[in-house]
Amino acid sequence: MKKNGIAIFLARRMQWRGDERRRTSPSVAIAVTGVALSVVVMMLSIAVMLGFKDEVRSRLLSVDDSVTITAYSADGLACPLDTAEVLSLIDLPAGATAIPRNELSGILKTPDDFLAVTFRGDASRVSPDSIGSLMISSTMSRLLDLHPDDRVPACFFIDNRIRTRALTVSGTYDSGIGEHDRAVAYCSPDLPAALLGYAPGTAGSLGIRGLEPEQTEALADRINSSLLQAYYTGQTSTAYGITTILTTDATFFTWLDLLDTNVIVILALMAAVAGFTLISSLFIIILERVQTIGLLKSLGADNRLISRTFILMAERLVLKGLIIGNAVALLLILLQAWTHIIPLDPANYYVDFVPVRISLDSILALNAGALVISWLVLMLPAMIISRISPAATMRYE
């Protein structure tokens with residue numbers, strides 16, 4: 001304990017001066033800069049990864065249901081389900097909502113072009129009373145040259161015959177998910193139900209929203225177990241199938257998972273760069289203070305005490321680099337969060353700016369890890385102190 005106090009005292013008293021004319025030696029400046037830059041890159045990588053995940057997930061959850069329940073007839077074909085029956089057989093967690101879904105594939109036809117789309121009934125976008133209204137994406141608006149209040153014929157192939165409805169464009173939406181925007185148009189829930197002949201109280205499927213992706217699989221398993229038990233015990237004669245957003249949008253979630261791997265690689269590379277910088281800088285610092293080391297040994301200081309002193313000196317550099325790096329990184333993150341100064345192509349990245357999110361847990365873990373790793377890394381150059389002879393240091397210049 002006493003030796004630790006001496007090491008701390010010596011580390012505080014020693015100055016980072018290369019010579020009398022220079023305020024700070026180049027090795028010190030390089031060490032601080034290397035740590036600061038590494039911290040900036042690592043914090044930005046984590047913030048961008050978290051921001052991308054949050055933004056893309058929220059957009060996916062805004063256009064697709066977390067869990068979808070579909071009914072099947074005895075011959076294995078999808079059929080309308082009784083929404084009241086399904087809701088009586090399952091238990092939903094707090095915050096989750098069940099929404100009847102009606103969908104129908106068709107074609108939007110203009111004088112110059114046509115486009116195959118899915119007409120999805122959504123009462124939150126088109127009122128059930130507005131059965132002749134249609135909300136299209138900005139992508140469809142551009143492809144078909146359609147604008148609000150325009151009339152457009154919609155063709156449906158039902159029971160081996162074509163049925164046509166004239167619909168009015170009520171507005172446009174932009175989810176940022178290109179594949180969705182090119183394929184889905186929103187209409188009154190009553191339009192697909194009327195065309196498909198659904199009875200009141202039935203729907204094509206039942207969608208469940210209000211869940212986080214982490215909750216989806218567990219809830220889907222519970223719902224599936226409840227519906228299977230009801231089927232085998234005779235509570236219902238209908239077989240039900242369960243799908244989740246993690247399977248229907250598996251491409252997006254796989255891509256988001258790959259971001260974790262990319263960030264881990266960046267963190268490892270930046271940690272290696274900072275580690276090598278600290279090792280080389282401490283080697284230089286030790287060589288610049290060979291005579292000081294010899295003097296301390298002559299006064300009775302052992303190698304352990306001197307090594308601990310220089311490690312503590314180097315940790316001061318690490319702390320300084322961490323403070324500078326954290327300040328710069330937080331400034332850049334907040335600047336991007338407030339101004340969206342760095343744009344992106346939404347056709348490739350699903351967002352039109354680089355999203356960022358600050359995580360206090362990630363910042364604390366990063367800084368704590370940097371301190372621990374730097375302490376371990378600095379033990380290597382500190383070992384050279386044991387090979388320095390007090391007699392030889394008197395002749396060293």
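Residues numbered from 1 in each chain as written. Predicted model: local features only at pLDDT ≥ 70, side-chain atom pairs only at ≥ 80, totals over all residues. Heavy atoms only, no water.

Regarding the overall build of the protein
Within the protein one finds 14 helices and 13 strands. When the 397 residues of the protein are sorted by exposure, 43% land in the buried category. Of the accessible surface of the protein, which amounts to about 21,200 Å², a share of 60% is contributed by carbon and sulfur atoms. (Helix = DSSP H or I, 4+ residues; strand = E, 2+ residues; numbered from the N terminus. Buried < 20%, exposed > 50% of the residue type's maximum accessible area, 1.4 Å probe, protein only. Areas by Shrake-Rupley, 256 points an atom, 1.4 Å probe, with all protein chains shown as cover.)

Things to note about the layout of surface pockets
By volume, the largest pocket amounts to about 560 Å³. Mapped by element, the contributors of at least two residues to the lining of the largest pocket are strand 1 (67-72), strand 2 (78-79), strand 5 (103-109), strand 12 (205-209) and helix 8 (245-248). Of the residues in the lining of the largest pocket, the class split is 8 nonpolar, 8 polar and 7 charged. In this structure, the second largest pocket occupies an estimated 290 Å³ of space. As for the second largest pocket, its lining consists of 17 residues, of which D174, G176, D181, P346 and A347 are closest to the centre. Those elements giving two or more residues to the lining of the second largest pocket turn out to be helix 4 (138-144), helix 5 (178-181) and helix 12 (346-349). Of the residues in the lining of the second largest pocket, the class split is 5 nonpolar, 5 polar and 7 charged. (1 Å grid on protein atoms, 1.4 Å probe; cavity = no way out; pocket = protein on both sides within 12 Å on 5 of 7 lines; lining within 4 Å. Points joined across faces, edges and corners; volume = space filled by probe spheres on them. Nonpolar A, V, L, I, M, F, W, Y, C, P; charged D, E, K, R; others polar.)

A few points about the side chain of R101
Its location among the elements puts R101 in strand 4 (residues 97-101). Those residues in contact with R101 that sit more than four places away from it in its chain are D65, G121, D122, A203, G204, S205, G207 and R209. (Contact = heavy atoms within 4.5 Å.)

So, the pattern of salt bridges
This structure, assessed with the given rule, holds 10 salt bridges. Of the charged contacts in the structure, one is a salt bridge between R120 and D64, with a shortest N-O distance of 3.5 Å. On the criterion of sequence distance, the pair formed by R120 in strand 6 (residues 114-121) and D64 in the loop between helix 2 (26-63) and strand 1 is long-range, its members being 56 residues apart. Across the pair, exposure class does not vary: R120 and D64 are buried alike. (Salt bridge = Lys/Arg side-chain N within 4 Å of Asp/Glu carboxyl O.)

As for helix 7 (residues 213-232)
Between its first and last C-alpha atoms helix 7 spans 29 Å; for 20 residues at 1.5 Å apiece the expected length is 28 Å, and the two agree. With its phi angle positive at about 85 degrees, G234 sits one or two positions after the end of helix 7. (Expected span 1.5 Å × (residues − 1).)

Description of the sheet that holds strand 6
Pairing in this closed barrel of 6 strands is mixed, and the strands run 5-6-10-7-9-8 around the ring. Neighbour-to-neighbour, the strand axes of this sheet turn through a mean angle of 45 degrees, independent of strand direction. Where strand 5 meets strand 6, 7 bridges bridge the pair, whose relative direction is antiparallel. Across the sheet, residue K109 finds its bridge partner in strand 6, namely F114. (Pairing = 2+ DSSP bridges. Axes fitted to C-alpha atoms, helices over the stretch in contact; angles between N-to-C directions.)

With respect to the environment of S374
Counting through the fold element by element, S374 comes out in helix 13 (residues 360-382). As for S374 and I279, which are separated by 95 residues in sequence, their C-alpha atoms are 9.1 Å apart. Discounting residues that sit within four places of it in the chain, S374 has contacts with L278, E315 and V318.

Here's the deal with unusual backbone geometry
Its identity is not glycine, yet D149 carries a phi of approximately 80 degrees, on the positive side. Mapped onto the elements of the fold, D149 is located in the loop between helix 4 and strand 8 (151-158). Take D149: its relative accessible area is 64%, and that puts it in the exposed class. Notably, H340 is not glycine yet its phi reads approximately 50 degrees, a positive angle. Here H340 shows up in the loop between helix 11 (303-339) and helix 12. You can call H340 partly exposed: its relative accessible area is 37%.

Focus: the nonpolar core
By size, the foremost hydrophobic cluster in this structure holds 22 residues, and its most contacted members are M43, L278 and L378. At the level of elements, helix 2, helix 9 (250-288), helix 11 and helix 13 are the ones that each hand at least two residues to this core. In contact with L278, other than residues within four places in its own chain, are A31, V35, V318, S374 and L378. Residues I136, L146, I158 and L167 belong to the second largest nonpolar core, which totals 20 residues. (Core = buried A, V, L, I, M, F, W, Y, C linked by side-chain atoms within 4.5 Å.)

Quick word on the confidence of the model for the protein
Of the residues in the protein, 84% have a pLDDT of 70 or more, and the chain-wide mean is 83. Across the protein, the element-wise mean pLDDT spans from 54 in helix 14 (residues 390-394) up to 94 in strand 10 (residues 184-187). (pLDDT = per-residue confidence, 0-100.)

Thoughts on empty space enclosed by the protein
What the rule picks out here adds up to 1 cavity of 30 Å³ or more. Computed from the structure, the largest cavity encloses a volume of approximately 70 Å³. In terms of lining residues, the largest cavity is bounded by M43, I46, A47, I333, R357, I358, S359, S362, I363 and L366. Among the secondary structure elements, those contributing two or more residues to the lining of the largest cavity are helix 2 and helix 13.

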